[in-house]
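Chains, contacts and geometry: an overview
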Amino acid sequence: MPRALANGVRLYYETHGTGAPLLLIAGLGVGSWIWYKQIPAFSPHFQTIVFDNRGIGASESGEAPFTMRTLAEDAAALLGALGIKRAHILGASMGGFITQELALMYPALVERLVLVCTSFGGPNHVPASPEIVHAFLSPEGLNTEERVRAGLTIAFTPRFLAEHPDEVEDLVRRRLAHPVSESTFLAQIHAVMAFDVEDRISALQAPTLVITGDADILIPPENSRNLAARIPNARLHVIEGAGHAVFIEQADAFNRAVLEFLGATA
């Protein structure tokens, strides 16, 4: 089980393939397992690196509370521990928050950015409905099957859930196999609520692709449009018929868009 000392904690990581480094950063309450549809697509073209954020999966927790800046420092330190001086960075949802902080703090580390179903945070973040926010962020029954299934109704479109029952069951199994501590979940929520880079986001220098699903009810697509409008020369890609977990629900379209942007042949 490979772990690297990064910013004072040992982070679990995996590397797949060879080539230019591509770091994938997971979102709230999930870890490296979430990229199961990206690793086979990206690793023939890139050294694809996935890891568990602090307190998730096989990574150490470190001290709480922490901020998005802490998590960005973790990711940068992981790259340093692996001897990587420059990489493409892709982050989804909360992972997109971490990615933005990393790119702003360590611009020399970043070749290209991919920001997925995410936001610049702060008062101009376009929120989900209060019911969705409460259901998704509540720690109640965090690792129960009932809660996991309820979370899928927020992360995916009703059509996907109805048409892909086998995949839904696979997702339930995967999530239940990776329980999340309530303390880490709450620490992540506090970091999410405090995140705000709207006033700094225009300083991003790296070429950036912003991807969203047009049916995302957790981080509505208006956030991606606003984000792309604030980042110099950013490209916006909207995938039709996809919810928040666009990289799973429409994995083929998502992977093609990322590979094209990063200069690989899909």
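On a predicted model such as this, the values are computed, not experimentally measured, just so you know.

To continue, consider the packing of aromatic side chains. Applying the stated criterion across every chain yields a total of four aromatic pairs. Geometrically, the ring pair formed by Trp 35 and Phe 247 is tilted, given 5.0 Å between the ring centres and 40° between the ring planes. With Trp 35 in the loop between β3 (20–25) and α1 (39–42) and Phe 247 in helix α10 (residues 246–249), the pair connects residues that are 212 residues apart, well separated along the chain. Comparing Trp 35 with Phe 247 shows no difference in burial state: the two are buried. In this structure an aromatic cluster arises from ring pairing among Trp 35, Phe 247 and Phe 254.

We now examine the sheet that holds strand β7 (residues 208–213). Taken together, the eight strands give an open sheet; going across it, the order is β1-β2-β4-β3-β5-β6-β7-β8, and neighbouring strands pair in mixed fashion. Sheet topology places β1 (3–6) and β8 (235–239) at the edges, where each strand pairs with a single neighbour. Each strand of the sheet is rotated relative to its neighbour by a mean of 25°, with strand direction disregarded. The pairing of β1 with strand β2 (residues 9–16) spans four bridges and is antiparallel. In the sheet register, Ala 4 faces β2, and the bridge partner there is Leu 11. Across the face of the sheet, helix α3 (residues 94–105) comes into contact with β3, β5 (87–92) and β6 (110–116) while running at roughly 145° to β5.

Cut-offs used in this document
- Residues numbered from 1 in each chain as written.
- Predicted model: local features only at pLDDT ≥ 70, side-chain atom pairs only at ≥ 80, totals over all residues.
- Heavy atoms only, no water.
- Phe/Tyr/Trp six-rings, centres within 6.5 Å; stacked < 30°, edge-to-face > 60°.
- Helix = DSSP H or I, 4+ residues; strand = E, 2+ residues; numbered from the N terminus.
- Buried < 20%, exposed > 50% of the residue type's maximum accessible area, 1.4 Å probe, protein only.
- Pairing = 2+ DSSP bridges.
- Axes fitted to C-alpha atoms, helices over the stretch in contact; angles between N-to-C directions.
- Contact = heavy atoms within 4.5 Å.

Any functional reading would require information that these geometric values do not contain.
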